[in-house]
Amino acid sequence: HITIKYSDFTSISRQRTLHPTNSTQEIYKTGCDLIRKNINPLKPVRLIGITLKDFDENRSVQQLSFLEGSHSIKNDRIDRIMDELQNKYGVERIGRGSTFLKKNGND
């Protein structure tokens, strides 16, 4: 779920339902896609909010696809290692490169 509030305090909200996932890449890409498709580039933005709903980190059931193969397993392992490092050193210390804006302002 995203919320975009403009400088004149008008706002829009949009949401998309995902299949159960713990992939930070999938969550990040979905949020960025919602923003790209719904933001008005001609209006100054005051706030952008992203919310995850019905998120249950204790849920042990995970649907795996044989089509995703080792790429999905690799990303899951990266996510677990990043979580451990962020818990130990703080969330500001490590992140995926794809979450940072390039110097020219494009993503």
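Note that the structure is predicted; figures quoted are calculated from it, not measured.

Visitor: Before we go on, may I ask you to explain the pattern of salt bridges in this structure?
Guide: Side chains bearing opposite charge may pair, as long as their charged atoms lie close to each other. Within the structure shown, the criterion is met by three salt bridges. Note that Asp8 and Lys43 form a salt bridge whose closest N and O atoms lie 3.6 Å from each other. Highlighted residues: Asp8 in the loop between strand S1 (2–6) and strand S2 (11–14) and Lys43 in the loop between helix H1 (24–38) and strand S3 (45–50), separated in sequence by 35 residues. Overall, Asp8 belongs to the partly exposed group, its relative accessible area being 45%. Owing to a relative accessible area of 28%, Lys43 belongs among the partly exposed residues under this scheme. Across the pair Arg16 and Asp33 runs a salt bridge, and its minimum N-O distance is 2.9 Å. A residue pair is termed long-range when its members are at least 10 positions apart, and Arg16 in the loop between S2 and H1 and Asp33 in helix H1 qualify at 17 residues. You can call Arg16 partly exposed: its relative accessible area is 35%.

Visitor: Whenever I open this one, the environment of Asn40 confuses me. Can you help?
Guide: Locating Asn40 in the fold gives a position in the loop between H1 and S3. The exposure class of Asn40 is partly exposed, given its relative accessible area of 29%. Residues Asn40 and Tyr6, spaced 34 residues apart in sequence, show a C-alpha to C-alpha distance of 9.0 Å. Among the polar contacts made by the side chain of Asn40, one reaches the main-chain amide nitrogen of Leu42 at a distance of 2.9 Å.

Visitor: Help me out: how do you make sense of the sheet that holds S3 in this one?
Guide: To summarise the sheet geometry, strands pair through backbone hydrogen bonds and adopt either a parallel or an antiparallel arrangement. Overall, antiparallel pairing links the three strands, which are arranged S2-S1-S3 in an open sheet. At either end of the open sheet lies a strand with only one pairing partner, and these are S2 and S3. With strand direction ignored, the average angle separating the axes of adjacent strands in the sheet is 10°. Judged from the five bridges that link them, S1 and S3 form a sheet pairing that is antiparallel. The residue of S3 that forms the bridge with Ile2 is Ile50.

Visitor: Sorry if this is basic, but what is going on with unusual backbone geometry here?
Guide: Of all residues except glycine, most have a negative phi; of all peptide bonds, most are trans. Its identity as a non-glycine residue notwithstanding, Phe9 has a phi of 70°, on the positive side. Here Phe9 shows up in the loop between S1 and S2.

Visitor: Looking at this structure, I do not really get the nonpolar core. What am I missing?
Guide: Here is a general trend for soluble globular proteins: nonpolar side chains tend to be buried in one another's company. With five residues, the main nonpolar core is built from Ile2, Ile4, Tyr6, Leu34 and Ile35. Contributing elements (two or more residues each) for this core: S1 and H1. With three residues, the single largest contributor to this core is S1. Once you skip the residues sitting within four places of it in the chain, Ile4 turns out to touch Thr10, Ser11, Ile12, Ile35, Asn38, Ile39, Val45 and Leu47.

Visitor: What am I meant to see in the side chain of Thr30 here?
Guide: Within the secondary structure layout, Thr30 lies in helix H1. Overall, Thr30 belongs to the buried group, its relative accessible area being 11%. Ignoring sequence-local partners within four residues, the contact set of Thr30 consists of Arg16 and Leu18.

Calculation rules
Residues numbered from 1 in each chain as written. Predicted model: local features only at pLDDT ≥ 70, side-chain atom pairs only at ≥ 80, totals over all residues. Heavy atoms only, no water. Salt bridge = Lys/Arg side-chain N within 4 Å of Asp/Glu carboxyl O. Helix = DSSP H or I, 4+ residues; strand = E, 2+ residues; numbered from the N terminus. Buried < 20%, exposed > 50% of the residue type's maximum accessible area, 1.4 Å probe, protein only. Polar contact = N/O pair within 3.5 Å; in protein donor to acceptor, adjacent residues only side chain to side chain. Pairing = 2+ DSSP bridges. Axes fitted to C-alpha atoms, helices over the stretch in contact; angles between N-to-C directions. Core = buried A, V, L, I, M, F, W, Y, C linked by side-chain atoms within 4.5 Å. Contact = heavy atoms within 4.5 Å.

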